[in-house]
Structure formats: structure tokens, C-alpha cells
Amino acid sequence: MKQATDIDHYRLAYYGSDILRKVAPEVKNIDQGVIDLIEGMFHVMRRDRGIGLAAPQIHVSKKILTINLEVYRGPSIALINPEILGDSGDEVPYEEGCLSVPGIMKEVLRPGEISVRGLTTEGKEVQIDADGLFARVLQHEIDHLNGILFVDRLEDYVRKELTSELKKIKKLNKK
């Protein structure tokens, strides 16, 4: 078990950080370093009051995501190398936010139901059929692993309206 001080060093990458635009490589070996990283990701989510986090959001380019929806009576999971297998085809609007784009909440259209395949921390392949908030958070975090931010999914005019706010967020990377 890592000490709190060991995992407190993880800091968020904010809009404008190059790592958020890169496609993260797959994890080839689930070792103690990966387990410690996942523990650190859950710590950051609790610390910063998030419900989902992708490894690139804490400056680690690996295909790993964590989700904690227990407060919504949903699951708390970590997935390694997740990929979307299919979706319901319908597009449902829902207001999204992001720890890497703080202070901005905007409605995003995403499929209401999805199927995802990934690995557990034990290396077991799982397939998850998700709907509602769980499906949305999975899609949001998998987007991060592919270098996509939720603001990329907004209509151009909405994104343009956010220009000054996004410029301020970029400056958070220098702190």
C-alpha cells in the first residue's frame, strides 16, 4: 500500500496540455506500477471530486481509466485497455464537465447505451454493457485515452464562446 504522500504527487493535466491530445498506448503488462497508478487515480478522483479519470489526465500516457459512481448507486471500477465495441445508435444529451476543463459544463450528445471490453486489474477480460451515467462516463474517459476532450464534441459556435475561459484554463498547466 502506497503512503498518501506517494500518491499526492499526481497533478491534473489541464486543457492545452499536449498529453491530453495524444492517443495513449496500451498497457502490455499489469504490474505493481499499474496497480499503484490506479490507486493514485482513485485518490485524485476523491481529492478533486471527480467521477471518472483517465491516466493521461494525470500526465501518464497509458490506456487506463477509473470510474467511481458509488454516490449515484453505480459501480466503482478500473479498466485497462478499454475499447467500445458498439453502441445503441441513439444520441442522448447530458451536461458534462471534466477535471481537466474545470468550471465548464456543457451539454454533449452521446449514445445512451454502449458495450465496452477491457481488462481488470487481475488481467481478466471483461465485457460491460452500460447505460445512463455509467455509459456516458465510460465514453468520456475512453475519449481521453484517444486524445479527445468533451469540448471537442461541442458545436463550433459553442466552443468559440468558451475561448476566453479555455485560455485561462490553459494557464493552469504552468502552476
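For the structure, check the block above.
Just so it is clear, the model here is predicted, and its values are computed rather than measured. What you see as residue numbers is a count from 1 along each chain, following the sequence as written. The predicted nature of this model means local features are confined to residues of pLDDT at least 70 and side-chain atom pairs, given and counted, to a pLDDT of 80 or more, with totals for whole chains, interfaces and linings taken over all residues. Only heavy atoms go into the side-chain values, all of them from the structure, while hydrogens and water stay out.

J.: Before we move on, can you summarise the sheet that holds strand S2 (residues 64-68) with the specific residues and values?
T.: Spatially, five strands are ordered S1-S2-S3-S6-S7 in an open sheet, and the strand pairing comes out antiparallel. Sheet topology places strand S1 (52-54) and strand S7 (125-131) at the edges, where each strand pairs with a single neighbour. Between one strand axis and the next, the sheet turns by 40 degrees as a mean value, whatever way the strands run. Any two strands between which DSSP finds at least two bridges are classified as paired. Secondary structure counts use DSSP, requiring at least four H or I residues in a row for a helix and at least two E residues in a row for a strand, with both numbered from the N terminus. Relative to S7, strand S6 (residues 113-119) runs antiparallel, the two sharing seven bridges. Along S7, the bridge assignment pairs Gly 118 with Val 126. Angular values range over 0 to 180 degrees, each being the angle between N-to-C directions of two axes fitted as lines to C-alpha atoms, with helices fitted over their stretch in contact.

J.: Kindly report on the side chain of Thr 66, identifying the contributing residues and their values.
T.: Within the secondary structure layout, Thr 66 lies in strand S2. The residues contacting Thr 66, other than those within four sequence positions of it, are Ile 38, Met 41, Phe 42, Met 45, Ile 51, Gly 52, Leu 53, Ile 77 and Ala 78. We call two residues contacting when some pair of their heavy atoms lies within 4.5 Å.

J.: Outline the pattern of salt bridges, listing residues and values.
T.: Side chains that differ in charge, positive against negative, can pair when their charged atoms come close. Salt bridges are defined as contacts in which a side-chain nitrogen from Lys or Arg sits within 4 Å of a carboxyl oxygen from Asp or Glu. Here the structure, examined in full by the defined rule, presents eight salt bridges. Between Arg 47 and Asp 48 there is a salt bridge; the shortest N-O distance is 3.2 Å. Classification of Arg 47 by relative accessible area gives partly exposed; the value is 33%. Residue classification places Asp 48 among the partly exposed residues on the basis of a relative accessible area of 27%. What emerges from the salt-bridge pattern is a single network uniting Glu 96, Arg 110, Arg 136, Asp 143 and Arg 153. A 1.4 Å probe rolled over the protein chains alone gives each residue an accessible area, and that area as a share of the maximum for its type sets the label: buried under 20%, exposed over 50%, partly exposed in between.

J.: For the side chain of Asn 81, give the residues involved together with the corresponding values.
T.: Within the secondary structure, Asn 81 sits in strand S3 (residues 76-87). Accessibility expressed as a relative area gives 12% for Asn 81, which makes it buried. One polar contact links the side chain of Asn 81 to the main-chain amide nitrogen of Val 27, over a distance of 2.7 Å. If near-sequence neighbours (up to four positions away) are discounted, Asn 81 is found in contact with Glu 26, Val 27, Lys 63, Arg 117, Gly 118 and Leu 119. Whenever a nitrogen or oxygen atom comes within 3.5 Å of another N or O atom, the pair is scored as a polar contact, on the condition that within protein one atom can donate a hydrogen and the other can accept it, and that pairs from neighbouring residues in sequence are kept only if both atoms are in side chains.

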